[in-house]
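Now for the letters of each chain:
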Amino acid sequence: MEYSKEDLTEARRQIDSTLHKLRETVGTFRAKENAARYKSQITLAERRIKAFEIANALIERELDGETDLTEPKSLIGRSHALTGEKRHRKNSRS
């Protein structure tokens, strides 16, 4: 699917806004007196931050005209966490 430069620029702007709000949310939860109580909310927000950072990086690549959108080295081995797939090791015994 192809998107216009304006669409991608607006998407990046919206993602940047959401990232800012999520980072503030994490900071607020961590500053609470009993931060451990908010562990699940913090984890959820941090996972969303990572997902939006990935989306922003892909948008940036598209805007820069890069056509190779393969996984960056920093994501290799962690893609299952992004897609929800579980990786199973093959049993080395025959």
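Now for a look at the structure at hand.

Quick notes on the rules
- Here the residue numbering is sequential within each chain, running from 1 through the sequence in written order.
- The predicted origin of the model limits local features to residues at a pLDDT of at least 70 and limits the giving and counting of side-chain atom pairs to 80 or more, whereas totals for whole chains, interfaces and linings rest on all residues.
- In computing side-chain values, all of the structure's heavy atoms are included and hydrogens and water are not.
- The secondary structure listing takes helices from DSSP runs of H or I that are at least 4 residues long and strands from runs of E that are at least 2 residues long, numbered from the N terminus.
- Here's how the labels work: a residue is buried when its accessible area is under 20% of the maximum for its type, exposed when over 50%, partly exposed in between, all with a 1.4 Å probe on protein chains only.
- In what follows, a contact means two residues having at least one pair of non-hydrogen atoms within 4.5 Å.
- Method for areas: the Shrake-Rupley scheme with a 1.4 Å probe, in which residue coverage is limited to the protein chains shown.
- Throughout, nonpolar core names a set of buried Ala, Val, Leu, Ile, Met, Phe, Trp, Tyr and Cys residues whose side chains join them through atoms within 4.5 Å.
- Any pair of Phe, Tyr and Trp rings, taking the six-membered ring for Trp, is counted once the centres come within 6.5 Å. Such a pair is stacked with planes under 30 degrees apart, edge-to-face with planes over 60 apart, and tilted for the rest.
- Any Lys or Arg side-chain nitrogen located within 4 Å of an Asp or Glu carboxyl oxygen qualifies as a salt bridge.

### Here we look at the overall build of the protein
Regarding its fold elements, the protein presents 3 helices and 0 strands. Looking at the 94 residues of the protein, the share that counts as buried comes to 17%. At a minimum sequence separation of 6, the contacts of the protein that also span at least 24 residues come to 54%. Accessible area of the protein: about 8100 Å², with a carbon and sulfur share of 49%.

### Notes on the nonpolar core
Within the largest apolar cluster, 11 residues are counted, these being Leu8, Ile15, Leu19, Leu22, Val26, Phe29, Tyr38, Ile42, Ala45, Ile49 and Ile59. Counting only elements with at least two residues in this core, the list comes to helix H1 (5-31) and helix H2 (39-64). For this core, the element with the most residues is H1, which contributes 6 residues. Apart from residues no more than four positions distant in its own chain, leucine 19 is found in contact with Ile49, Phe52, Glu53 and Asn56.

### What to know about the packing of aromatic side chains
Taken as a whole, this structure holds 1 aromatic pair when the rule is applied. With 5.1 Å between their ring centres and 25° between their planes, phenylalanine 29 and tyrosine 38 make a pair best called stacked.

### With respect to the pattern of salt bridges
In a structure, side chains of opposite charge can pair up when their charged atoms sit close to one another. Going through the model one piece at a time under the given rule, you end up with 4 salt bridges. One salt bridge in this structure joins glutamate 10 and arginine 13, with 3.0 Å as the shortest N-O distance. Here arginine 13 and glutamate 10 lie together in helix H1, a separation of 3 residues that amounts to about one turn. On the basis of relative accessible area, arginine 13 is assigned to the partly exposed category, the value being 49%. We note a salt bridge from glutamate 53 to arginine 23, for which the minimum N-O separation is 2.7 Å.

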